[in-house]
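Listed below, chain by chain, are the residues.
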Amino acid sequence: MIRVGGIRVSLDTDFSDLVTLCVKKIRISRERIKTVRLAKKSVDARKKNDVHFIISLDIEAKGEESLLKSLKNAEKYEPVRYKVPVIENAPYRPVIAGFGPAGMFAALVLAMAGAKPIVLERGGDVDSRCRAVEEFQNGGRLDTECNIQFGEGGAGTFSDGKLTTGIKDRRIGWVFERLVEFGAPDEILYLAKPHIGTDKLRGAVKALRERVKALGGEVCFNSRFCGFETENGRLSAVSYIRNGEKHTINTGSLILASGHSARDVFELLYDENIDLSQKSFSVGVRAEHLRKDIDRAMYGDFAGHPALKAADYKLAVHLPNGRTLYTFCMCPGGYVVAASSEEGRLAVNGMSCFARDAENSNSALLVNVDPADYGSDHPLAGMYFQRELEEKAFIAGGRDYHAPAAVLGDFLEGRISRKLGRVKPSYRPAVRFAPPEEYLPDFVCESLRLGIKEMGKKIRGFDDKDTLLTGIESRSSSPVRINRGEDLQSLSLKGLYPCGEGAGYAGGIVSAAVDGMKCAEAVCERMEGQLNSI
Ligand code: FAD
């Protein structure tokens, strides 16, 4: 098979007949083509008067060697195949704490390997979770065990479902293929910036869970991991609480994939002398613009073309104060959501549906914070710093989970906002006007002021005075790292596999899923070794 890249096609291209497209664009005769597949598709909007697609095609053809010599941008292409490990007569059932992307893909690999994993998930299944989130967003009670952070599918379930990642790993293709198998749109296999949307992601999460169960795995909801036992310096049992009752499972392996919001887990590990260290993360606000303004700024006159989805962007500016302001987790046509998981503490985030057709487009605007900002060398100091900011945001919002918001023009002029501009808040239950100074450190506010103006030079209207800033965005990544060795086990305890974003080894859905797979492989390898030594 050969891959031909860099093919420029218009937005009006008909992708239903790829053979004809191939004949026209690459000038291969129809008779030579055996199969052709769209491998990549991206939007090139660098020139606003010439927005088009750039595509790559995977082609099986007669005489590929001669084509490789004659075609521009052609290379030999071998699809990467991932082989799931196999374990016969597993010496115990491995346990996984957390059913976010890391835990789900760890469970899937272990179940396919024949190891019959047991998953403990503190929150409910997707359906009960949707009800809990809806109740909270309607002004009802915050369920601290089942919310936007906790429950089946993890933090990513109520997300934009962006599948872009900075990592390079042979497992990524397998993750995408499984997601499609479980109901995600197959365009994620070729789009340069794939996304699923919260609506479709929920279905995929359920289907993955059913597959794990069908393969002999167990997924226990409302079951909070609460401790472990050791024997000869190795993990020997895992405890969890369900309906107020404590249960214990004897096992030799725990994949700990509890995410960055399980602060009780970090405290438990600290009390158990597990090796932890401080980690940098970022804090800031969510910026909301009108979707049509962002589309216009990114696509010019092509905005609204039926072949284009809502526009995204990615910006970063390095500031004279030594900080960086950058956009993160951009949600075109999405919503700002209530991402709190603790009483008296408030956090926001962003999500969107597959259609990305909501009124506003939003993105986190984050400033990096480092251990030097935490004011202590305690391994959990970053988490306490994060908590303190979330408490301030809760108070600034009026102590009822309304989010503190400011209109950009007022923030830049140092005024407290009194009325909204053109951008209406999408956050539910509601926002209350309060300046970022009430909950963010001075250096973050200064960075926002300096950086947003710079960003306005890169994207027209980004610094529009009506832009809405809603806080606090504080859960961008983990403030703690659970240190592990090359065998992926904790430096302090054999059998404990710190995994995913909470452990500091992933950032985002795809890298968390890949890390889950790696930990599952490491567990299989160790079980194999244990079997051989019996
Ligand atoms: P998590 O997803 O956090 O999963 C951890 C799981 O562990 C949770 O289900 C939790 O309930 C469970 N748990 C916690 N403590 C315990 C315990 N004691 N016992 C049992 N279970 C426990 N990333 C992207 O790549 N694209 C996006 O578009 C995107 N949008 C996002 C939008 C929102 C609103 C949020 C909150 C996050 C978003 N992210 C996005 C980030 C992404 O969701 C995370 O990077 C990813 O989910 C991390 O995966 P994880 O499995 O490591 O942890």
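The rules behind each value
Residues numbered from 1 in each chain as written. Predicted model: local features only at pLDDT ≥ 70, side-chain atom pairs only at ≥ 80, totals over all residues. Heavy atoms only, no water. UniProt positions renumbered as here; feature names shortened; annotations may be inferred. Helix = DSSP H or I, 4+ residues; strand = E, 2+ residues; numbered from the N terminus. Salt bridge = Lys/Arg side-chain N within 4 Å of Asp/Glu carboxyl O. Buried < 20%, exposed > 50% of the residue type's maximum accessible area, 1.4 Å probe, protein only. Axes fitted to C-alpha atoms, helices over the stretch in contact; angles between N-to-C directions. Parallel < 35°, antiparallel > 145°, perpendicular 65-115°, else oblique. Contact = heavy atoms within 4.5 Å. Nonpolar A, V, L, I, M, F, W, Y, C, P; charged D, E, K, R; others polar. Lys, Arg positive; Asp, Glu negative; His and termini not counted. Near = heavy atom within 4 Å. Polar contact = N/O pair within 3.5 Å; in protein donor to acceptor, adjacent residues only side chain to side chain. Areas by Shrake-Rupley, 256 points an atom, 1.4 Å probe, with all protein chains shown as cover. Domains from an automatic or database assignment. Core = buried A, V, L, I, M, F, W, Y, C linked by side-chain atoms within 4.5 Å. Buried area = accessible area lost by both parts, 1.4 Å probe.

Quick notes on the UniProt feature "domain: FAD-dependent protein C-terminal" (unreviewed entry) in the chain
Phase 1 of the analysis: Under the UniProt annotation, the feature "domain: FAD-dependent protein C-terminal" (unreviewed entry) is placed at residues 280-476.
Phase 2 of the analysis: End C-alpha to end C-alpha, residues 280-476 measures 10 Å, and it is 24% helix and 27% strand.

Considerations on unusual backbone geometry
Phase 1 of the analysis: The omega angle of the peptide bond from Arg428 to Pro429 is 10 degrees, so this bond is cis rather than trans.
Phase 2 of the analysis: Mapped onto the fold, Pro429 is located in the loop between helix H10 (408-413) and strand E20 (431-433).
Phase 3 of the analysis: For the bond from Gly471 to Ile472, the omega torsion is 0 degrees, close enough to zero to count as cis.
Phase 4 of the analysis: You will see that Lys116, though not glycine, has its phi angle at about 45 degrees, which is positive.
Phase 5 of the analysis: Within the element layout of this structure, Lys116 appears in the loop between helix H3 (101-113) and strand E6 (118-120).
Phase 6 of the analysis: Unlike most non-glycine residues, Asn232 shows phi in positive territory, near 50 degrees.
Phase 7 of the analysis: Tracing the backbone through its elements, the reader meets Asn232 in the loop between strand E8 (223-231) and strand E9 (234-242).

As for the pattern of salt bridges
Phase 1 of the analysis: Tallying each qualifying case throughout the model produces 47 salt bridges.
Phase 2 of the analysis: Notably, a salt bridge pairs Arg263 with Glu390, separated by 2.9 Å at the nearest N-O pair. Separated by 127 residues along the polypeptide, Arg263 in helix H7 (residues 263-271) and Glu390 in helix H9 (residues 381-396) bring together distant segments of the chain.
Phase 3 of the analysis: The class of Glu390 is buried, set by a relative accessible area of 0%.
Phase 4 of the analysis: Of the charged contacts, one joins Glu454 and Lys457 as a salt bridge, the two residues approaching to 2.9 Å between their closest N and O atoms. Pair noted here: Glu454 and Lys457 are both in helix H11 (residues 442-458), with a separation of three residues, about one helical turn.

A few points about the packing of H3 against helix H5 (residues 172-181)
Phase 1 of the analysis: Running from N to C, H3 and H5 cross one another at 90 degrees; their axes reach a closest spacing of 12 Å. Put simply, H3 runs roughly perpendicular to H5. Residues Phe105, Leu108, Val109 and Met112 of H3 touch H5, and the partners they reach there are Trp174, Val175, Arg178 and Leu179.
Phase 2 of the analysis: Looking at the contact of H3 with H5, its residues break down into seven nonpolar, no polar and one charged.

Regarding the side chain of Glu501
Phase 1 of the analysis: Within the element layout of this structure, Glu501 appears in the loop between strand E23 (496-498) and helix H12 (509-532).
Phase 2 of the analysis: Buried and unpaired, Glu501 has no salt bridge, with Lys279 as the nearest side chain of opposite charge at 7.0 Å.
Phase 3 of the analysis: Apart from the residues lying within four places of it in its own chain, the contact partners of Glu501 are His260, Ser476, Ser477, Ser478, Ala506, Gly507 and Gly508.

A few points about the site of the ligand
Phase 1 of the analysis: Around the ligand lies a shell of 37 residues, among which Glu121, Ala155, Phe158, Glu501 and Ile509 are the nearest.
Phase 2 of the analysis: Glu121 has a polar side-chain atom sitting 2.5 Å from an oxygen atom of the ligand.
Phase 3 of the analysis: One nitrogen or oxygen atom from the main chain of Ala155 is found 2.8 Å from an oxygen atom belonging to the ligand.
Phase 4 of the analysis: Protein burial of the ligand: of its 1,000 Å² of free accessible surface, 96% is covered by the chains.
Phase 5 of the analysis: With three residues, E8 is the largest single contributor of residues to the shell around the ligand.
Phase 6 of the analysis: Two domains share the shell around the ligand, each providing at least three of its residues, namely domain 2 (95-277 + 485-532) and domain 3 (280-371 + 387-473).

A closer look at the nonpolar core
Phase 1 of the analysis: Counting 71 residues, the largest nonpolar core has Ile26, Leu57, Ile59, Leu325, Leu365, Leu440 and Leu448 as its most contacted members.
Phase 2 of the analysis: Per-element accounting of this core gives the leading share, six residues, to H9.
Phase 3 of the analysis: Taken domain by domain, the makeup of this core includes at least three residues from each of domain 1 (2-76) and domain 3 (280-371 + 387-473).
Phase 4 of the analysis: Each residue touching Leu57, except ones within four places of it in the same chain, is listed here: Ile2, Arg3, Val4, Ile7, Leu18, Cys22, Ile26, Val36, Arg37, Leu38 and Ala39.
Phase 5 of the analysis: Within the second largest apolar cluster, 54 residues are counted, among which are Val84, Ile172, Phe176 and Ile255.

Here we look at the domain arrangement of the chain
Phase 1 of the analysis: We note that the domain assignment places domain 1 (2-76), domain 2 (95-277 + 485-532) and domain 3 (280-371 + 387-473) within the chain.
Phase 2 of the analysis: With five residues of domain 1 at the interface, the matching set in domain 2 holds four residues.
Phase 3 of the analysis: Of all residues in domain 1, the largest losses of buried area upon contact with domain 2 belong to Leu38, Ala39 and Lys41, amounting jointly to 72% of the total for that side.
Phase 4 of the analysis: Counting across the interface, domain 1 meets domain 2 through zero salt bridges.
Phase 5 of the analysis: At the surface where domain 1 touches domain 2, the tally comes to two residue pairs in polar contact (both at pLDDT 80 or more).
Phase 6 of the analysis: Classifying every residue of the side of domain 1 that touches domain 2 gives two nonpolar, one polar and two charged.

Brief notes about the environment of Met527
Phase 1 of the analysis: By the element assignment, Met527 lies in helix H12.
Phase 2 of the analysis: Distance from Met527 to Pro94, taken between C-alpha atoms, is 9.3 Å for residues 433 residues apart in sequence.
Phase 3 of the analysis: The residues touching Met527, leaving out its near neighbours within four places in the chain, are Ile87, Ala90, Pro91, Tyr92, Pro94 and Ala115.

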